[in-house]
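Descriptive structure summary
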Amino acid sequence: MSILSITMDNTTPPSLTCPPPQRSTLREAALAHLARFGTTRQGLEQVLLRRVARWAQKAQRAGDCAEVVAEHAAGLRPVVVAVVDDMVRLGAVDDAVFARSRVRRLVRSGRSTRAVQAHLAAKGVAPEVREEALEEGVGTLGAGERELCAALVLARKRRLGPFATDPAEPDEDEASGMARQNRALGVLARAGFARDVAERVLEMQSEEAEDWMDRLRAES
C-alpha cells in the first residue's frame, strides 16, 4: 500500500513516531483559515503546505528519519490539493470573488492598476480573472476614473497636490517649485501611476479632489 493511500485512509504511516496530519485535520485547518481570511486557491494550498512543513520539522526534531519524513511529506501534497479542490467545489474558495473584492479594497487604499495587477498575480489569480476584476472595477467608476481616485487617495496620504499641508509660497522661486513638483511626481510614479494621471492629481483644486473622494466613498 502506498504512503498516499495510507494517508488518505487516515491511518498513521509506519516508521514514524510523530504522526503526520491527516486529510480530516487538513480540512479542518482549511475551514478555520477561511473563516478568518479571504484567500485564493493558491493561497489556501500554501497555507496547508506550510502546515505539512511544520509537521515535517517537528517529526525530524522528534528523531524520525529525515528521508522517511520527506517521503511522507511528499505524499501529503496530493492530499492538500484534494482538500483545496473540496473548498473550491463548496464555493468557499473563489478566485474571481477574491479578485473583485481585493480590487475595491486596494483602490480605496491608493493602489494603482499596475500595483493591483502585481498583488493579484502574487496571490495566484489567473491573468484573465485579474482582467475581469479590473474591468468590473469599483461601482460605476470607469478604469480611468478608478485610477484617478486611487491616485488621489495616495496623494491625500502623502499630503501632495490638493491635500498638501505646506502649499507653495507666493514668492517660491521656479527651481524650488519644480523640485517640489518632481518629488510629488516621483511618489506617484513609484506607486505605478502614469505621468498624466499624476499631473492631473497634482494640479487639481481641493474642491474637485474632495468631490472625487466623495464619489469613491459612495461607490465603495
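Below is a short write-up of the structure.

Calculation criteria
Residue positions are given per chain, counted from 1 along the sequence in the order it is written. Residues qualify for local features only when their pLDDT is at least 70, as the model is predicted, and side-chain atom pairs are given and counted only at 80 or more; totals for whole chains, interfaces and linings, by contrast, use all residues. With hydrogens and water stripped out, all remaining heavy atoms of the structure feed into the side-chain values. Helix and strand definitions follow DSSP, with helices as H or I runs of at least four residues and strands as E runs of at least two, each counted in order from the N terminus. Partly exposed residues are those whose accessible area sits between 20% and 50% of the maximum for their type, while under 20% is buried and over 50% is exposed, using a 1.4 Å probe and protein chains only. Should any heavy atoms of two residues lie within 4.5 Å, those residues are counted as being in contact. Take a side-chain nitrogen of Lys or Arg and a carboxyl oxygen of Asp or Glu: if they are within 4 Å of each other, that pair is a salt bridge. Working rule for helices: expected span equals 1.5 Å times residues minus one. The directions from the helix axis to the C-beta atoms form the arc being described. Nitrogen and oxygen atoms within 3.5 Å of one another constitute a polar contact, given that in protein one can donate a hydrogen and the other can accept it, and given that sequence-neighbouring residues count only through two side-chain atoms. By nonpolar core is meant a set of buried Ala, Val, Leu, Ile, Met, Phe, Trp, Tyr and Cys residues that side-chain atoms within 4.5 Å join together. What counts as an axis is a line fitted to C-alpha atoms, over the stretch in contact for a helix, and the angles between N-to-C directions run from 0 to 180 degrees. When describing relative orientation, an angle under 35 degrees is termed roughly parallel and one over 145 degrees roughly antiparallel, while 65 to 115 degrees is termed roughly perpendicular and anything else oblique. By convention the crossing between two helices is left-handed if the near helix lies anticlockwise of the far one by an angle smaller than a right angle, and right-handed if it lies clockwise. Throughout, the ten residues Ala, Val, Leu, Ile, Met, Phe, Trp, Tyr, Cys and Pro are labelled nonpolar, Asp, Glu, Lys and Arg are labelled charged, and all others, Gly among them, are labelled polar.

This next bit is on the overall build of the protein chain. Within the protein chain one finds 11 helices and zero strands. The N-to-C order of helical and strand elements in the protein chain reads α-α-α-α-α-α-α-α-α-α-α. Counting the 220 residues in the protein chain, one finds 40% classified as buried. If you take every contact in the protein chain between residues at least 6 apart in sequence, the share linking residues at least 24 apart comes to 69%.

Considering the arrangement of structural elements, one finds A150 in helix α8 (residues 143–158). If near-sequence neighbours (up to four positions away) are discounted, A150 is found in contact with V107, G110, R111 and F193.

Here the structure, examined in full by the defined rule, presents eight salt bridges. Between R27 and D86 there is a salt bridge whose closest N-O contact spans 3.6 Å. Of this pair, R27 sits in helix α2 (residues 23–36) while D86 sits in helix α4 (residues 66–90); the two residues are 59 residues apart in sequence, bridging distant segments of the chain. Between R217 and D214 there is a salt bridge, and its shortest N-O distance comes to 2.3 Å. Residue R217 and its partner D214 are located together in helix α11 (residues 206–219), separated by three residues, close to a single helical turn. Look at R217 and you get partly exposed, because its relative accessible area is 45%. When salt bridges that share partners are traced, they join R23, R27, D86 and R89 into one network.

Let's shift gears to helix α5 (residues 95–108). In an α-helix, one turn spans 3.6 residues; hence positions three or four apart end up facing the same way. Over its 14 residues, α5 runs 20 Å from end to end, which matches the ideal 20 Å to within 8%, given 1.5 Å per residue. Buried within α5 are the following residues: D95, F98, A99, R102, V103, L106 and V107. Summarising the axial view, the buried residues of α5 lie within an arc of 150°, below the 170-degree limit, and thus occupy one face. Against α3 (41–61), α6 (113–122), α7 (127–136), α8 and α11 lie the buried residues of α5. Its side-chain oxygen placed 2.9 Å from the backbone nitrogen of A96, D94 serves as the N-cap of α5. Positive backbone phi, approximately 95°, marks G110, located one or two places after α5.

Moving on: the nonpolar core. Residues V103, L120, L152, F193, W212 and L216 are the most contacted members of the largest nonpolar core, which totals 37 residues. Where this core is concerned, the elements lending two or more residues are α5, α6, α7, α8, α9 (174–190), α10 (195–203) and α11. For this core, the element with the highest residue contribution is α8, accounting for eight residues. In contact with L152, not counting residues within four places along its chain, are P162, F163, V201, M204, A209, W212 and M213. A56, A59, A73 and V84 belong to the second-largest nonpolar core, a separate cluster that totals 21 residues.

Moving on, we come to the packing of α5 against α7. Orientation of α5 relative to α7, taken along the N-to-C sense of each, is 45°, at an axis distance of 9 Å. Considering the angle they form, α5 stands oblique to α7. Of the two possible hands of crossing, α5 and α7 adopt the one that is right-handed. For the pair formed by α5 and α7, the contact residues are D95, A96, A99, R100, V103 and R104 on the first element and V129, A133, L134 and E136 on the second. Across the contact of α5 with α7, the residue classes break down as six nonpolar, no polar and four charged.

Among the structural elements, V187 can be located in helix α9. On the basis of relative accessibility, which here comes to 12%, the residue V187 falls in the buried class. C-alpha separation for the pair V187 and A155, spaced 32 residues apart in sequence, amounts to 8.7 Å. Not counting chain neighbours up to four residues away, the residues in contact with V187 comprise L154, R158 and L160.

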